[in-house]
Amino acid sequence: MFGFCCYGNVMLRKESADKPYPSWFFGWLLGMVCYTYPGAVFSDLLFVPDAPLRALTNNNILICFSLWYLLVQNSMWVYKFLQRKHVFIWLTTWWLADATRASLLFLERAVAHQPVFARGVWQAFVWCGAGPVARLVEKSIRGEPVPALDKVQPNSMNIFKFPLIAMFWNMIFYMVCLAYFTDCKFLDAKPKLDMVQCAAKYEDFYGFCTYMPCFMHLCRAYYAMYSQGGLVIFGDGFCMGSSSLIKKMSSSQNIAR
């Protein structure tokens, strides 16, 4: 929750040209739906019966998001501090830990409700793709230039370079391993356990699939920072993608330090 809400609000202000959002009324809602919890919102809409929208019915999430929204929108010091190089890398790692953990849980629930392989594949697409698409729509509504899709996510299968691709294949890997390399058989006509029960039985594997991407991200981020002249990039690519770029400045002006 902390990583989701903090990083989502930093990205919201960054995509507003480092300025407070033009309208607090729309910013509060769109910051939540498009920048902070898009995967959770759209996954619930498409894969959960009666669409309970769990992220939007949680008081703790509302409080945490609102506090970060107010801090980041109203304090330039907080906003700049969260963009310092090492702070930003660890913030995105925290976000990735939250996002990866949630992605696997949402995948489990989707497939447990209806044990079909295709359902898991589309859940992975929705979870990983909802955020970038929602943010492009939000930018167009606001009248901002909208980047091409291949700039948001290059046409690549490289899991070591692009966190969005790594998250997608991590979800597929997790489902395939539990379905075909354990005794759960939750995709069979007569399953022994559903996917949620299977994941609880193999919780160590869940931990591996949650934290290995974080380790990969730390390696990727520090490599990018020291091999690209100190450049830090915002968006789903974090430090290796293709969103808003912070150029290396003098020590008195560098907001990325």
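Residues numbered from 1 in each chain as written. Predicted model: local features only at pLDDT ≥ 70, side-chain atom pairs only at ≥ 80, totals over all residues. Heavy atoms only, no water.

Under an unreviewed UniProt entry, the protein chain has the name FtsH protein and belongs to Symbiodinium natans.

Some points on the overall build of the protein chain
Definition in use: Working definition: helices are DSSP H or I runs of at least four residues, strands are E runs of at least two. Numbering for both runs from the N terminus. Only protein chains enter the accessibility calculation, which uses a 1.4 Å probe; a residue whose area is less than 20% of its type maximum is buried, one above 50% is exposed, and one in between is partly exposed. Only heavy atoms enter the contact rule, under which two residues are in contact if any of them lie within 4.5 Å. Here, Shrake-Rupley sampling with a 1.4 Å probe gives the accessible areas, and only protein chains in the shown set may cover a residue.
Each helix and strand in the protein chain was counted, giving eleven helices and two strands. From first element to last, N terminus to C terminus, the protein chain shows the α and β order α-α-α-α-α-α-α-α-α-α-α-β-β. The proportion of buried residues among the 257 residues of the protein chain is 51%. Taking the contacts inside the protein chain whose residues are at least 6 apart along the sequence as the reference set, 68% of them involve residues at least 24 apart. Approximately 12600 Å² of the protein chain is accessible, and the part contributed by carbon and sulfur atoms is 66%.

Observations regarding the layout of surface pockets
Definition in use: Two kinds of site are reported from a 1 Å grid over the protein atoms alone, namely cavities, where a 1.4 Å probe fits but cannot get out, and pockets, open sets with protein on both sides within 12 Å along at least five of seven lines, and residues are called lining when an atom falls within 4 Å of a point. Grid points are joined across faces, edges and corners, and a volume is the space filled by probe spheres set on the points. Under the convention adopted here, Pro, Cys and the residues Ala, Val, Leu, Ile, Met, Phe, Trp and Tyr are nonpolar, Asp, Glu, Lys and Arg are charged, and Gly plus all remaining residues are polar.
For the largest pocket, the calculated volume is near 540 Å³. Looking at the largest pocket, it is lined by 33 residues, and the ones nearest its centre are Phe4, Tyr37, Asp98, Ala102 and Trp127. The leading source of residues in the lining of the largest pocket is helix α6 (residues 85-113), at nine residues. Across the lining of the largest pocket, the residue classes break down as 23 nonpolar, four polar and six charged.

Focus on empty space enclosed by the protein
Applying the stated rule across the entire model yields one cavity of 30 Å³ or more. Taken as a whole, the largest cavity holds about 50 Å³ of empty space. Taken together, Leu96, Thr100, Pro163, Ala166, Met167, Pro213, Met216 and Arg220 make up the lining of the largest cavity. At the level of secondary structure, the elements contributing two or more residues to the lining of the largest cavity comprise α6, α9 (163-180) and α11 (203-227). Class assignment of the residues belonging to the lining of the largest cavity gives a composition of six nonpolar, one polar and one charged.

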